[in-house]
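# Descriptive structure summary
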Amino acid sequence: MAAPKVAVVGAGVVGLSTALCVAETCPSCSVMVLSDQFSPNTTSDVAAGILIPHTYPGTPIHVQKQWFKETFTYLFAISNSAEASEAGIHLVSGWQVFKNTPKEELPFWSDVVLGFRPMSEAELQKFPQHRFGQAFTTLKCDCPPYLLWLEKRLKATGVQMCTRKVADLWELHSEYNIVVNCAGIGAHQLVGDEKLFPVRGQVLKVHAPWVKNFIRDGDGLTYIYPGIHRVTLGGTREKESWSLSPDPGTTKDIFDRCCSLEPSLRGAQEMKVKVGLRPSRWCVRLQREVLSQGGVKLPVVHNYGHGAGGFSVHRGTAKEAARLVRECIAALQGSTSKAKL
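Keep in mind that what you see is a predicted model, and the values were worked out from it rather than measured.

### With respect to the pattern of salt bridges
Counted under the stated rule, the structure contains 22 salt bridges. Salt-bridge contacts for D36 lead to K165; the nearest nitrogen and oxygen are separated by 3.9 Å. Of the two residues, D36 sits in the loop between strand 2 (30-35) and helix 2 (61-79) while K165 sits in the loop between strand 6 (160-163) and strand 7 (178-181), which places them 129 residues apart along the sequence. The exposure class of D36 is partly exposed, given its relative accessible area of 39%. Note that D111 and K65 form a salt bridge whose closest N and O atoms lie 2.9 Å from each other. Of the two residues, D111 is situated in the loop between strand 3 (89-98) and strand 4 (114-118) and K65 in helix 2; the sequence distance between them amounts to 46 residues.

Here it is as C-alpha cells:
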C-alpha cells in the first residue's frame, strides 16, 4: 500500500508527543496534526509541567511506572543537552510535605526521580504545620516553550499541522488511513466518553526569582513550582467544573495557601491567572478501536484522559500509542496483500 496517512487530533503535550513518536517509529507514514487550538491556547499551556506522577486507580502501577520512567529518561536527556533552555526543561529540587505521615512513605516513582529521601528534622522546621516530608530532585517543563520545541521537532520530521475543528472522527475516514485521538477534554464530546470529566485547575504565574525550590503539599492541592522565568502557584481541583473564567476569591485563596508554605512569596510581582480543564478519567484511555460504516473501516488509536498527570507520563503514553499505530499499519498492510491474492 502507499504511505499510510495518519491524523493526530489534538495539539496539547500528548497530541504533539504522540505525533512525534509516530513519525519517529513509522518513518514511512505521512502524519498530520489537526487541532482547533495550538500553543499558547491549549490546556497544556496552563499546566505546571512538573514530573511528580498522579496515580490512575484503573491503570496497573507497573504500567504507570513504565510511562513515568520513559518520560523522565527522555526529558532528562534534553535537560543535559544544548537544547534544554529552548525546550524549557530543567532540574528542580524541593520538598513534598505532609501534615500526617502517608500510608505509603515510598511512592512507586521514588526510584525514578533523583536523590529521593525522607526530610530531616532540620528541614521540617521550615514547615511547622507538617510532620513528615520527602526531598528529591525532579524535572520541570516550562510548558509554552516545550510545546513550541515539540512543534519545531515535528516540522523538522516532516509532520504537518493544520488548524481544524474535528467534530466527528468519522469525517476523517476519506482522507486518512488511521486516526489518533489525543483530544484531551475534547474527547468528551468528540467520542461521547461519559467516563471523562473536567477537573478545573486555576493557577497563578508570578515573578519571584528568589524561589528556587519546589514545595508541594502532600494533598496535591497547594504547590509552588519555580520555572525558568515564572513561579507557578496552585491550585484547585474542581471536579465537573467547565468554567474557564478565573475566580478572584480562588486567586486570593491560592496565594494565601502558598504564602503559608513560603512566606517570602508576599513579595511576588506580576501575577497572571490561568485556568485549564484537566481531562480526567479512572484510567488513561490508550487502546485501538475500529470504526466502521457501510463496510468501510477506520482504525483509531485513543490516547487521552491523563488528568493532572499528563506531563509526567506524556512520552511513555505517546510511545505506547505509536506502537498501536504500528499494529494498525500492519493490519492494513495484511488486508491489502490479502485483497491482492
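### Examining the nonpolar core
With 65 residues, the main nonpolar core has V6, V31, L75 and Y146 as its most contacted residues. Broken down by element, this core gets its largest block of residues, nine residues, from helix 8 (residues 310-340). Non-local contacts of Y146, meaning those with residues more than four positions away in its chain, are made with V13, Y74, L75, A87, I89, C141, F311 and H314. Counting 21 residues, the second-largest nonpolar core is a separate cluster that includes A208, I215, V231 and C258.

### Concerning the UniProt feature "domain: FAD dependent oxidoreductase" (unreviewed entry) in the protein chain
Under the local residue numbering, the UniProt record ascribes the feature "domain: FAD dependent oxidoreductase" (unreviewed entry) to residues 5-324. Along residues 5-324 the backbone is 27% helical and 31% strand, and the end-to-end C-alpha distance reaches 15 Å.

### A look at the packing of helix 2 against helix 5 (residues 143-156)
In helix packing, the relevant descriptors are the interaxial angle and the interaxial distance, both defined with respect to the helix axes. Axis separation between helix 2 and helix 5 bottoms out at 14 Å; the angle between their running directions is 90°. Here helix 5 runs roughly perpendicular to helix 2, going by the angle between their axes. For the pair formed by helix 2 and helix 5, the contact residues are Y74, L75 and I78 on the first element and Y146, W149 and R153 on the second. For the contact of helix 2 with helix 5, the class distribution of residues is five nonpolar, no polar and one charged.

### Side note on the side chain of E123
Counting through the fold element by element, E123 comes out in helix 4 (residues 121-124). Look past the residues within four positions of E123 in its chain and what remains in contact with it is W95, R117 and A135.

### What to know about unusual backbone geometry
For residues that are not glycine, phi is negative in most cases, and the peptide bond is trans in most cases. Following S39, the chain continues to P40 via a peptide bond in cis, the omega torsion being 10°. When you line up the elements, P40 lands in the loop between strand 2 and helix 2. Following G234, the chain continues to G235 via a peptide bond in cis, the omega torsion being 0°. Following the sequence through the fold, G235 ends up in the loop between strand 11 (231-234) and strand 12 (238-239). In the Ramachandran plot, E240 falls in the positive-phi region, its phi being about 65° despite a non-glycine side chain.

### A few points about helix 7 (residues 248-261)
Relative to the 20 Å expected for 14 residues at 1.5 Å per residue, helix 7 spans 20 Å between its end C-alpha atoms, a close match to the ideal helical length. For helix 7, every residue scored as buried is listed here: T250, T251, I254, F255, R257, C258, C259 and L261. For helix 7, the secondary structure elements touched by its buried residues are strand 3, strand 8 (197-207), strand 9 (214-217), strand 10 (223-226), strand 11 and strand 13 (269-280). One side-chain oxygen of the residue at the start of helix 7 lies 3.3 Å from the amide nitrogen of G249, identifying that residue as D247.

### As for the pairing of strand 15 (residues 296-304)
The buried count for strand 15 comes to seven of nine residues, which makes it a mostly enclosed element. Looking at chain direction, strand 7 and strand 15 are connected through three bridges and run parallel. From the neighbouring strand, V180 faces strand 15, where its bridge partner is V301. Looking at chain direction, strand 14 (residues 285-293) and strand 15 are connected through nine bridges and run antiparallel. Within strand 15, the residue paired with S292 across the bridge is K297. Hairpin geometry of strand 14 and strand 15 is characterised by an intervening segment of two residues between the two adjacent antiparallel strands and by a positive phi of about 55° at G294.

### Quick notes on the environment of V275
Tracing the backbone shows V275 in strand 13. With 28 residues separating them in the primary sequence, V275 and D247 have C-alpha atoms 9.3 Å apart. Residues contacting V275, with those up to four places away along its chain left out, are V46, R200, G201, Q202, S243, L244, S245 and P246.

Thresholds applied
- Starting afresh in each chain, residues are numbered from 1 along the sequence in its written order.
- A pLDDT threshold of at least 70 governs which residues receive local features in this predicted model, and a stricter bar of 80 or more applies before side-chain atom pairs are shown or counted, although totals over entire chains, interfaces and linings include all residues.
- Where side-chain values are given, they derive from all heavy atoms of the structure, hydrogens and water being excluded.
- What makes a salt bridge here is a side-chain nitrogen of Lys or Arg within 4 Å of a carboxyl oxygen of Asp or Glu, nothing more.
- Under the scheme used here, helices are H or I runs from DSSP no shorter than 4 residues and strands are E runs no shorter than 2 residues, and both carry numbers assigned from the N terminus.
- The cut-offs for exposure are 20% and 50% of the maximum accessible area for each residue type, with area from a 1.4 Å probe on protein chains only; residues under the lower value are buried, those over the upper are exposed, and the others partly exposed.
- For our purposes a nonpolar core is just a set of buried Ala, Val, Leu, Ile, Met, Phe, Trp, Tyr and Cys residues, chained together by side-chain atoms within 4.5 Å.
- For this analysis, residues touch if any pair of their heavy atoms sits within 4.5 Å.
- UniProt positions are given in the numbering used here, feature names are shortened, and annotations may be inferred rather than shown by experiment.
- In this analysis an axis means a line fitted to C-alpha atoms, helices contributing only their contacting stretch, and an angle means the value between N-to-C directions, from 0 to 180 degrees.
- Relative orientations are named as follows: roughly parallel for angles under 35 degrees, roughly antiparallel for angles over 145 degrees, roughly perpendicular for angles from 65 to 115 degrees, and oblique for any other angle.
- By the convention adopted, Pro, Cys, Tyr, Trp, Phe, Met, Ile, Leu, Val and Ala count as nonpolar, Lys, Arg, Asp and Glu as charged, and the other residues, Gly among them, as polar.
- Expected helix span is computed as 1.5 Å times (number of residues minus one).
- Under this definition, polar contacts are N or O atom pairs within 3.5 Å; protein pairs additionally need one hydrogen-donor-capable and one acceptor-capable atom, and for neighbouring residues in sequence, both atoms have to be side-chain atoms.
- In short, DSSP must find at least two bridges between two strands for them to pair.

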